[in-house]
Amino acid sequence: MSSCLRKIWLVLFSSFFLFACGEKKKDAPNPATLPVPVNLYTVHTERPVYYDLFPGTVVAMMQVDIHPEVEGYVTGIFFKEGDHVKKGQKLYSIDDSKYQASYNQAQASVRVAQSNLDQAQKDADRYTYLNEHDAVAKQILDHAMTTLQNAKDQVTAAKQDLTKAVTDLNYSIIKAPFDGTIGISQVKVGNTVTTGQTVLNTISTDDPMTVDFEVNEKHIPRFIQLQHLKPLPQDSIFTILMPDNTLYGHTGQIYVIDRGVNAQTGTIIVRLTFPNPAGALRAGMSCKVRVRNEDTSAQLMIPGKAVVEQMGEYFVYVAKDTLIASADTAKHKDSPQPGPSLHAVQKKVMLGQAITDRVIIRSGLQNGDSIIVDGVQKLHDGSVITLGGPNPQKPPAH
């Protein structure tokens with residue numbers, strides 16, 4: 001009997017324990033109804049300074065491949081690769097033995113032709129005098145005048161051959177066409193070179209340098225206006241970021257806008273010039289062109305972390321004072337009580353230019369709106385919020 005009583009009491013105690021736990025669980029507040037701690041940011045207008053970025057390429061104002069104008073083997077190299085060279089400076093020499101021989105032969109031919117001309121001139125003068133006194137046949141005078149003309153033509157031809165020989169001899173010495181930087185030699189001493197085919201080297205101007213970049217055709221009026229704008233000495237409308245994202249130390253200006261738009265891409269090339277005294281800019285280098293935006297009007301700006309993207313659209317959460325009158329919240333002592341409270345209201349916005357960690361708002365917000373900047377990951381439209389997130393956001397100092 002006592003054993004049966006013990007079993008009955010055990011069943012009753014277990015039922016009472018389960019019932020008590022069920023009541024406790026039922027009375028526990030729903031975590032979803034608890035306020036989410038957040039930090040707020042007051043939206044205000046600013047006058048931002050920002051830049052439009054374009055991929056650019058550094059281009060030398062003048063750059064040529066050096067080709068030999070005569071054939072032969074290289075007998076000398078007279079520069080250090082990568083050096084700055086002056087216009088007219090001797091760069092290469094090509095074996096000139098046959099060109100020197102041609103020059104000497106051409107000189108001799110000129111002397112022979114000139115002697116023949118002198119003799120023909122004397123004969124022509126003599127027969128002309130005799131003809132005036134009817135002392136020579138007309139046919140002999142005609143032959144003398146023809147011989148004189150042929151001698152003159154031979155002198156002209158000989159002088160042309162001499163000019164060609166002088167040119168070829170001069171071309172055996174290759175000189176710098178302008179001041180600039182010489183590259184790595186493509187030939188060595190002893191290599192045979194061919195006229196117009198072999199590339200000996202490349203030379204390009206190095207100061208100033210130009211930077212080419214493409215802009216959409218709809219921006220042409222803007223850049224034409226900037227082209228005619230007289231830049232101030234320290235104007236920073238045009239700057240460039242080097243390949244390592246450091247800012248180049250000199251500002252640029254528009255050198256030329258291309259003559260026409262590329263029909264396939266709808267873009268046009270704009271060329272800038274930059275001083276390059278230290279040689280930091282090299283032809284072919286990639287960079288980013290920064291064009292300062294001239295719109296100085298006050299605009300709304302907010303921290304970029306306040307923006308939430310959903311299906312290609314952008315939203316922010318605005319803190320609004322609302323009333324809580326939910327029966328579910330009223331019955332639990334740990335839940336927000338009915339009365340004034342802050343709610344997160346989702347608003348769609350249109351974004352403008354991103355500037356470092358902030359972004360311009362084109363539409364969707366007003367000056368003075370309080371937006372949520374910390375804790376947005378835990379929010380949905382209508383969430384109850386409370387102030388005091390982990391990273392308070394302060395407006396920038398003015």
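One can find the structure itself at the top, above this paragraph.
Conventions and cut-offs
Residues numbered from 1 in each chain as written. Predicted model: local features only at pLDDT ≥ 70, side-chain atom pairs only at ≥ 80, totals over all residues. Heavy atoms only, no water. Helix = DSSP H or I, 4+ residues; strand = E, 2+ residues; numbered from the N terminus. Buried < 20%, exposed > 50% of the residue type's maximum accessible area, 1.4 Å probe, protein only. Contact = heavy atoms within 4.5 Å. Areas by Shrake-Rupley, 256 points an atom, 1.4 Å probe, with all protein chains shown as cover. Expected span 1.5 Å × (residues − 1). Axes fitted to C-alpha atoms, helices over the stretch in contact; angles between N-to-C directions. Parallel < 35°, antiparallel > 145°, perpendicular 65-115°, else oblique. Left-handed = near helix turned anticlockwise from the far one by under 90°. Nonpolar A, V, L, I, M, F, W, Y, C, P; charged D, E, K, R; others polar. Core = buried A, V, L, I, M, F, W, Y, C linked by side-chain atoms within 4.5 Å. Pairing = 2+ DSSP bridges. Phe/Tyr/Trp six-rings, centres within 6.5 Å; stacked < 30°, edge-to-face > 60°. Patch = residues over 30% accessible without salt bridge, like charges linked within 9 Å, V, L, I, M, F, W, Y side chains within 5 Å. Salt bridge = Lys/Arg side-chain N within 4 Å of Asp/Glu carboxyl O.

A.B. asks: Would you explain the overall build of the chain in this entry?
C.D. replies: From N to C terminus, the chain includes 5 helices and 23 strands. Taken across its 398 residues, the chain has 35% of its residues classed as buried. For the chain, restricting intrachain contacts to residue pairs at least 6 apart in sequence, the fraction spanning at least 24 positions comes to 76%. Here the chain displays about 24,500 Å² of accessible surface, and carbon together with sulfur accounts for 54% of that area.

A.B. asks: Got a minute to help me understand the environment of Gln377 in this structure?
C.D. replies: In this structure, Gln377 sits in the loop between β22 (370-374) and β23 (384-387). Once the C-alpha coordinates of Gln377 and Val308 are considered, the two residues, 69 residues apart in sequence, prove to be 8.7 Å apart.

A.B. asks: How should helix α3 (residues 138-171) be read in this particular structure?
C.D. replies: For α3, which comprises 34 residues, the first-to-last C-alpha distance of 50 Å matches the rise-based estimate of 50 Å (1.5 Å per residue) to within 8%. For α3, every residue scored as buried is listed here: Leu141, Ala144, Leu148, Ala151, Val155, Ala158, Ala165, Asp168 and Leu169. Tucked inside the fold, the buried residues of α3 contact α2 (97-132) and β8 (173-175).

A.B. asks: Any chance you could explain the packing of α2 against α3 here in plain terms?
C.D. replies: Between two packed helices, both the angle of their axes relative to each other and the distance between the axes serve to describe the pair. Between α2 and α3, the shortest axis-to-axis distance is 7 Å and the interhelical angle comes to 160°. Relative to α3, the element α2 lies roughly antiparallel. Considering only the axes of α2 and α3, their crossing is left-handed. Residues belonging to the contact of α2 with α3 are distributed by class as follows: 21 nonpolar, 11 polar and 6 charged.

A.B. asks: Teacher, can you tell me more about the nonpolar core here?
C.D. replies: Side chains that are nonpolar tend, in soluble globular proteins, to be buried together. The biggest cluster of nonpolar side chains holds 26 residues, and the ones touching the most others in it are Phe213, Phe223 and Leu281. Among the secondary structure elements, those contributing two or more residues to this core are β3 (51-60), β12 (209-216), α4 (220-227), β13 (238-241), β14 (253-257), β15 (267-274) and β16 (286-292). In this structure Phe213 touches Phe54, Pro55, Gly56, Phe223, Ile268, Ile269, Val270, Leu272, Val289 and Val291, once residues within four positions along its chain are discounted. Counting 18 residues, the second largest nonpolar core, distinct from the first, contains Ile66, Phe79, Ile182 and Val193.

A.B. asks: Please explain the sheet that holds strand β9 (residues 180-182) as it appears in this structure.
C.D. replies: Picture the strands of a sheet paired through backbone hydrogen bonds; they go either parallel or antiparallel. Read from one edge of the open sheet, 4 strands run β4-β11-β9-β6, paired in antiparallel fashion. Across the chains shown, the open sheet's two edge strands, defined by having one partner strand only, are β4 (63-66) and β6 (84-85). Note: β6 against β9, 2 bridges, orientation antiparallel. Counterpart to Val85 in the pairing with β9 is Gly180.

A.B. asks: Please explain the sheet that holds strand β10 (residues 192-193) as it appears in this structure.
C.D. replies: With antiparallel pairing, 4 strands are arranged side by side in an open sheet as β8-β7-β5-β10. Edge positions in the sheet fall to β8 and β10, since each of these pairs with one other strand and no more. The pairing of strand β5 (residues 72-77) with β10 spans 2 bridges and is antiparallel. Looking at the pairing, Gly72 lines up with Val193 of β10.

A.B. asks: Would you mind going over the packing of aromatic side chains with me for this structure?
C.D. replies: Any two aromatic rings considered together are summarised by their centre-to-centre distance and by the angle between their planes. On inspection of all chains with the given rule, the structure shows 5 aromatic pairs. Geometrically, the ring pair formed by Phe54 and Phe213 is tilted, given 5.3 Å between the ring centres and 40° between the ring planes. Here the residue Phe54 occupies a position in strand β3, and Phe213 occupies one in strand β12, the gap between them amounting to 159 residues. Like Phe213, Phe54 is buried. Aromatic pair Tyr248 and Phe274: ring centres 6.2 Å apart, planes at 75°, arrangement edge-to-face. Taken together, the residues span a long stretch of sequence, with Tyr248 in the loop between β13 and β14 and Phe274 in strand β15 at a distance of 26 residues. Among the residues examined, Phe274 registers a relative accessible area of 0% and is labelled buried.

A.B. asks: Which parts of the structure should I look at to understand a nonpolar patch on the surface?
C.D. replies: There is a patch of nonpolar side chains on the surface, built from Met61, Met62, Tyr255 and Val256 and spanning about 350 Å² of accessible area. Structurally, Val256 can be placed in strand β14.

A.B. asks: Where do I start with the pattern of salt bridges in this structure?
C.D. replies: Opposite charge on two side chains allows them to pair when their charged atoms are near. Under the defined criterion, the tally for this structure stands at 7 salt bridges. Note that Asp52 is salt-bridged to Arg222, the shortest N-O span being 2.8 Å. Placement of the pair is Asp52 in strand β3 and Arg222 in helix α4, with a sequence separation of 170 residues. You can call Asp52 buried: its relative accessible area is 16%. Note that Arg271 is salt-bridged to Asp212, the shortest N-O span being 2.6 Å. With Arg271 in strand β15 and Asp212 in strand β12, this residue pair connects regions lying 59 residues apart in the sequence.

A.B. asks: Would you explain unusual backbone geometry in this entry?
C.D. replies: Leaving glycine aside, a negative phi is the common case for residues, and trans is the common case for peptide bonds. Between Asp207 and Pro208 the backbone carries a cis peptide bond, its omega angle lying at 5°. Following the sequence through the fold, Pro208 ends up in the loop between β11 (201-204) and β12. Phi is positive for Asn245, which is not a glycine, with a value near 70°. With respect to the helices and strands, the residue Asn245 is situated in the loop between β13 and β14. By relative accessible area, which is 49% here, Asn245 ends up partly exposed. In the Ramachandran plot, Met311 falls in the positive-phi region, its phi being about 55° despite a non-glycine side chain. With respect to the element layout, Met311 can be found in the loop between β18 (308-310) and β19 (313-324).

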